[in-house]
Amino acid sequence: MEYFAILSDAFANFWTWQNVMWLFLGTACGIVIGALPGMSTTMGIALFVPFTFSMDVVSGLTMLGGLYNGSVYGGSISAILLRTPGTAASCATTFDGYPMTLRGESGKALGTALLTSTVGGAFGVIVLLTVAPPLAKFALSFGPPEYFLVAILGLTIIITLSEDNLLKGVVAGAFGVLISTIGFDPIEGIPRFTFGFPDLYEGIPFVPALIGLFSMGEVLRLVGKARLPDDPLNSRIGKLFPSWEEIKEIKRTLLRSSIIGTVVGIMPGAGADIASFVGYSEAKRKSKTPEKFGTGHLEGVAASESANNAVVGGSLVPLLTLGVPGNAASAVLLGGLLIHGLNPGPMLFENHPNITYGFMISLLFSCVAVMILGTMMIRISPHILKLPKRLLIPVIIILSVTGSYAVSNSYIAVGIMLIFGVIGFMLEHFKFPLAPLVLGIILGPMAENSLMQALLLSRGDWTIFASRPVCIVLLVLTIASISYSLLQIAKKKKQHAESES
Amino acid sequence: MAKGTCINSDRWCAVGGLAFCGLVYGLLLDVDKTVRTFPLSVVSILFLCFAVLLWKSCNPTANKEIVWIDFQAVGVVVFAALYLFCLPHLGYTLCTGIFCLATALMLGFKRYLAAFLVSIGFAVGVYLLFFRILNVPLPRLGIGIL
């Protein structure tokens, strides 16, 4: 009963016209920032934190929370319309969202992304509100051995994502992990593959590499299509939002991906990008029609978007209860809390319950704001499709260059973006999948860092990876994941051989 | 304009990949042993995969496909590289406007006035949005206007 009394007070503290105004403003800015390739969620929050200095604490946090939620959804707009993920979290959305655009169903894809983002985001915040303390305690028990096995489990997803050509998928994934080793070694601090460039000491900048792979690569493919007359079907929006029957078909995927996103968000170090891949992979694995994934399947969009938005609530669990950021975006939010004199941790709930719960309630309302503002933007955003491809190509390149430069104020980052654009184009041209490459880049540092730390802790004893209960569970899950996926591939090949004979 | 030739792309990818692995292995030899263990393991996996790919591509029934060289795509990459090179010298707005116009015309966009207006409008619009409103640093000339 005390908990509900606190919630009631916090709601009264939040529910003023000023806070609602800041909520909508923050969410709108977040959607725009998320939609712009190169403008990441983290960058958007970092840009707006200074604006909250002079604001009321709850107002400032409300605006930042709305921006966080809005930008994670906003990435789906450019992912679906231009195959250019606005944020890393929307990579997996391109797999099915863009093919839907090519079929003239961009409105349905955007509507599905909006609906599932809202539901996923709300789910994550409800979990945050109800089970934050015990979940954070469990996540804190993860050490280097557990994180290494989490990374390996994540890398086995490569097998699921590249069923059509397992060998090329493994090559792409391994190449991604190799790219992630560029920079300082995590233990000795010795540079690897930097060739004397100081800009590479911190490794390949992730956002420019991502922009290059997905944005520049698409631009180079568009060049071939630019010679053809514009297909009027491609710019057809079609109906907005899925039908009730379609919503019923995706409801299980929605729930599963929301749970996955929340759990991934709670784990420190794992972000919305990993959540969207895991959600997408699981949806494909559990689906009755996995062959439809990647061809413009509604379930694919739903899985990715609900998972990445559920991360918002999940990532704030360790931040608010323990002061440990769940990902880069929540790390910047930590700065926003400190600026207002709030020290995240267990005492935050004791000393400032109105502010803490008020912030969490504002996140719930930001999901409503995303729904309202997103519906308005669906009508506006497809007009981008009416731009002739010959004009769209330089526009995308300029946004990619601007975004890459803005990340680190460096021309090297833009050069890296161009190089990765060529790499992405060549890889897809020779039928190497890009998703495992991106997964390798994301999980490589986690795998190496935690492996080295674990071996240092155990003084070289590899049994550390099988000595703790959580490790054993993760090992079993990894072996089960690999076995199941290989069995599925073998089964499909057998069926294919039987049907041919 | 594209030009195509019929090759076994997997075989050439495998050969290129094996050469790449050899290059990376050579670079890692100069690095301390403890530091090179992890990347060396990854290169070994890559080497194995490319070796299997090469073996599979040597199968007489392996598919050959036409590989196209799209010269316009190459042109776009060259233009983008020139854009990057000119940014610190010409400033963001001017460079962006010129690049947008030049690329559109290179790709065959015939409506010259529309291309000019869109290029200038877009360059100024992006500058205002990123630099003035979002305070994102952009390359500028010494006079600080462009």
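Residues numbered from 1 in each chain as written. Chains lettered and ligands numbered in written order. Predicted model: local features only at pLDDT ≥ 70, side-chain atom pairs only at ≥ 80, totals over all residues. Heavy atoms only, no water.

Undergrad: I would appreciate a short explanation of the overall build of chain A in the present structure.
TA: The number of helices and strands found in chain A is 19 helices and 2 strands. Taken across its 501 residues, chain A has 61% of its residues classed as buried. Once local pairs closer than 6 in sequence are excluded, the contacts in chain A between residues at least 24 apart make up 77%. Summing over all exposed atoms, chain A offers an accessible surface of approximately 19100 Å²; the carbon and sulfur share of this is 68%. (Helix = DSSP H or I, 4+ residues; strand = E, 2+ residues; numbered from the N terminus. Buried < 20%, exposed > 50% of the residue type's maximum accessible area, 1.4 Å probe, protein only. Contact = heavy atoms within 4.5 Å. Areas by Shrake-Rupley, 256 points an atom, 1.4 Å probe, with all protein chains shown as cover.)

Undergrad: Help me understand the nonpolar core in this model?
TA: Nonpolar side chains tend toward joint burial in soluble globular proteins. One finds L320 and L437 of chain A to be the most contacted residues of the largest nonpolar core, which totals 113 residues. Among the elements that line this core, the one with the most residues is helix α18 (residues 435-457) of chain A, at 12 residues. When near neighbours in sequence (up to four residues on either side) are disregarded, L437 of chain A contacts A172, G173, F175, G176, I179, L213 and L427 of chain A. Of all hydrophobic cores here, the second largest spans 54 residues; its members include I31, A113 and M417 of chain A together with F122 of chain B. (Core = buried A, V, L, I, M, F, W, Y, C linked by side-chain atoms within 4.5 Å.)

Undergrad: Just checking my understanding: could you explain helix α4 (residues 92-106) of chain B for this structure?
TA: The periodicity of an α-helix, 3.6 residues per turn, causes residues three or four positions apart to be oriented the same way. Residue and element names in this part refer to chain B. For α4, with 15 residues, the first-to-last C-alpha span of 21 Å sits near the 21 Å given by 1.5 Å per residue. All of the buried residues in α4 are Y92, T93, C95, T96, G97, F99, C100, T103 and A104. Phi for G108, located one or two positions after α4, is positive at around 100 degrees. (Expected span 1.5 Å × (residues − 1).)

Undergrad: Please clarify how the environment of V150 of chain A should be interpreted in this entry.
TA: Residues and elements named next belong to chain A. Among the secondary structure elements, V150 is positioned in helix α7 (residues 144-161). Given a relative accessible area of 12%, V150 falls into the buried group. Residues V150 and M446 lie 296 residues apart in sequence; the distance between their C-alpha atoms is 8.7 Å.

Undergrad: Help me understand the packing of aromatic side chains, please; the structure alone is not making it clear to me.
TA: Describing an aromatic ring pair means giving the distance of the ring centres and the angle of the ring planes. All names here are of chain A. Going through the model one piece at a time under the given rule, you end up with 13 aromatic pairs over all chains. Note on F95 and F277: the rings are 6.0 Å apart at their centroids and 45 degrees apart in plane angle, and the pair reads as tilted. With F95 in helix α5 (residues 91-102) and F277 in helix α11 (residues 272-286), this pair connects stretches of sequence that are 182 residues apart. Given the relative accessible area of 18%, F95 is considered buried. Looking at F277, the relative accessible area reads 0%, which means it is buried. Through a chain of ring-to-ring contacts, three or more aromatic side chains come together here, namely F11, F14, W15 and F365. Above the face of the F432 ring, K168 is positioned so that its terminal group lies 5.0 Å from the ring centre. (Phe/Tyr/Trp six-rings, centres within 6.5 Å; stacked < 30°, edge-to-face > 60°. Lys NZ or Arg CZ within 6 Å of the ring centre and 35° of its normal.)

Undergrad: It is not clear to me how the interface of chain A and chain B should be interpreted in this structure. Could you clarify?
TA: Think of interface size as the accessible area that goes away when the parts come together; that is how it is often given. With 53 residues of chain A in contact, the opposing surface of chain B contributes 59 residues. For the pair chain A and chain B, the summed buried area comes to about 4800 Å², and 84% of that belongs to carbon and sulfur atoms. Scanning the region where chain A abuts chain B turns up 1 salt bridge. When the shortest N-O distance is used, the salt bridge between D10 of chain B and K168 of chain A registers 2.7 Å. Here chain A is connected to chain B by 2 residue pairs in polar contact (both at pLDDT 80 or more). Listing elements by their share of the side of chain A that touches chain B, those giving two or more residues are α3 (41-48), α8 (166-180), α9 (206-226), α16 (389-408), α17 (411-429) and α18 of chain A. Tallying contributions element by element places α16 of chain A first for the side of chain A that touches chain B, with 12 residues. Looking at side-chain class alone, the side of chain A that touches chain B contains 38 nonpolar, 7 polar and 8 charged residues. (Buried area = accessible area lost by both parts, 1.4 Å probe. Salt bridge = Lys/Arg side-chain N within 4 Å of Asp/Glu carboxyl O. Polar contact = N/O pair within 3.5 Å; in protein donor to acceptor, adjacent residues only side chain to side chain. Nonpolar A, V, L, I, M, F, W, Y, C, P; charged D, E, K, R; others polar.)

Undergrad: Help me out: how do you make sense of the packing of helix α10 (residues 244-266) of chain A against α11 of chain A in this one?
TA: When two helices pack together, their arrangement is given by the angle between the helix axes and the distance between those axes. Residue and element names in this part refer to chain A. Packing of α10 against α11 leaves a shortest axis separation of 9 Å and a crossing angle of 145 degrees. When you trace α10 past α11, the crossing you get is right-handed. In contact with T253, R256, S257, I260, G261 and V264 of α10, α11 contributes I274, A275, V278, G279, E282, A283 and K286. (Axes fitted to C-alpha atoms, helices over the stretch in contact; angles between N-to-C directions. Left-handed = near helix turned anticlockwise from the far one by under 90°.)

Undergrad: Explain helix α2 (residues 33-57) of chain B to me, please; I cannot follow it from the model alone.
TA: Compared with an ideal rise of 1.5 Å per residue, which puts 25 residues at 36 Å, α2 of chain B spans 34 Å between its outermost C-alpha atoms and is within 8% of the ideal. Within α2 of chain B, the full set of buried residues consists of V35, R36, F38, P39, V42, V43, L46, C49, F50, L53 and S57 of chain B.

Undergrad: Is there a simple way to think about unusual backbone geometry in this case?
TA: When glycine is set aside, most residues are seen to have a negative phi, and most peptide bonds are trans. All names here are of chain A. Phi is positive for F193, close to 55 degrees, though the residue is something other than glycine. Within the element layout of this structure, F193 appears in the loop between β2 (191-192) and α9. The backbone of F195 shows a phi angle near 50 degrees, a positive value even though the residue is not glycine. By secondary structure assignment, the location of F195 is in the loop between β2 and α9.

Undergrad: Looking at this structure, how should I read a positive patch on the surface?
TA: All names here are of chain A. Taken together, the side chains of K248, K251, R252 and K288 present a region of like positive charge at the surface. Relative to the elements of secondary structure, K248 occurs in helix α10. Look at K248 and you get exposed, because its relative accessible area is 54%. (Patch = residues over 30% accessible without salt bridge, like charges linked within 9 Å, V, L, I, M, F, W, Y side chains within 5 Å. Lys, Arg positive; Asp, Glu negative; His and termini not counted. Charge placed at Lys NZ, Arg CZ, Asp CG, Glu CD.)

Undergrad: Sorry if this is basic, but what is going on with the confidence of the model for chain B here?
TA: In regions of low pLDDT, the predicted coordinates are not meant to be interpreted in detail. On average, residues of chain B score 79 in pLDDT, and 79% of them are at 70 or above. Low pLDDT, under 50, characterises residues 142-146 of chain B; the stretch is placed with 11 contacts to residues that sit more than four places away or in other chains. (pLDDT = per-residue confidence, 0-100.)

Undergrad: Help me out: how do you make sense of the state of the cysteines in this one?
TA: In protein structure, a disulfide is the covalent linkage between the sulfur atoms of two cysteines. With the rule as written, the count across this model stands at 0 disulfides over all chains. Free cysteine C95 of chain B: the closest other cysteine sulfur is in C86 of chain B, separated by 4.9 Å. (Disulfide = S-S within 2.5 Å.)

Undergrad: Any chance you could explain a nonpolar patch on the surface here in plain terms?
TA: A cluster of nonpolar side chains, contributed by L113, F116, L117, I120, V124 and L128 of chain B, occupies part of the molecular surface with about 560 Å² of accessible area. Structurally, I120 of chain B can be placed in helix α5 (residues 112-133).

Undergrad: In this structure, what is going on with the pattern of salt bridges? I would like to understand it.
TA: Oppositely charged side chains may form a pair once their charged atoms are brought near each other. Residues and elements named next belong to chain A. Evaluated as defined, the whole model comprises 9 salt bridges over all chains. Of the charged contacts, one joins E448 and R192 as a salt bridge, the two residues approaching to 2.8 Å between their closest N and O atoms. Of this pair, E448 sits in helix α18 while R192 is found in strand β2, placing the two residues 256 residues apart along the sequence. Each of the two residues, E448 as well as R192, counts as buried. Look at the salt bridges and you will find they share partners, linking D185, R192 and E448 into a network.

Undergrad: Mind showing me how you'd approach the packing of helix α3 (residues 71-90) of chain B against α4 of chain B here?
TA: Residues and elements named next belong to chain B. Two numbers describe how α3 lies on α4: the axes approach to 9 Å, and their chain directions differ by 165 degrees. The orientation of α3 relative to α4 falls into the category roughly antiparallel. Note that α3 runs across α4; the crossing there is right-handed. Contacts between α3 and α4 pair Q72, G75, V76, F79, A80, Y83, C86, L87 and L90 from the former with Y92, L94, C95, T96, F99, A102, T103 and M106 from the latter. In terms of residue class, the contact of α3 with α4 is built from 13 nonpolar, 4 polar and no charged. (Parallel < 35°, antiparallel > 145°, perpendicular 65-115°, else oblique.)

Undergrad: How should the environment of L220 of chain A be read in this particular structure?
TA: Residue and element names in this part refer to chain A. Within the secondary structure layout, L220 lies in helix α9. Judged by relative accessible area, L220 falls into the buried class, the value being 4%. L220 sits 205 residues away from F425 along the chain, and the two C-alpha atoms are 6.8 Å apart.

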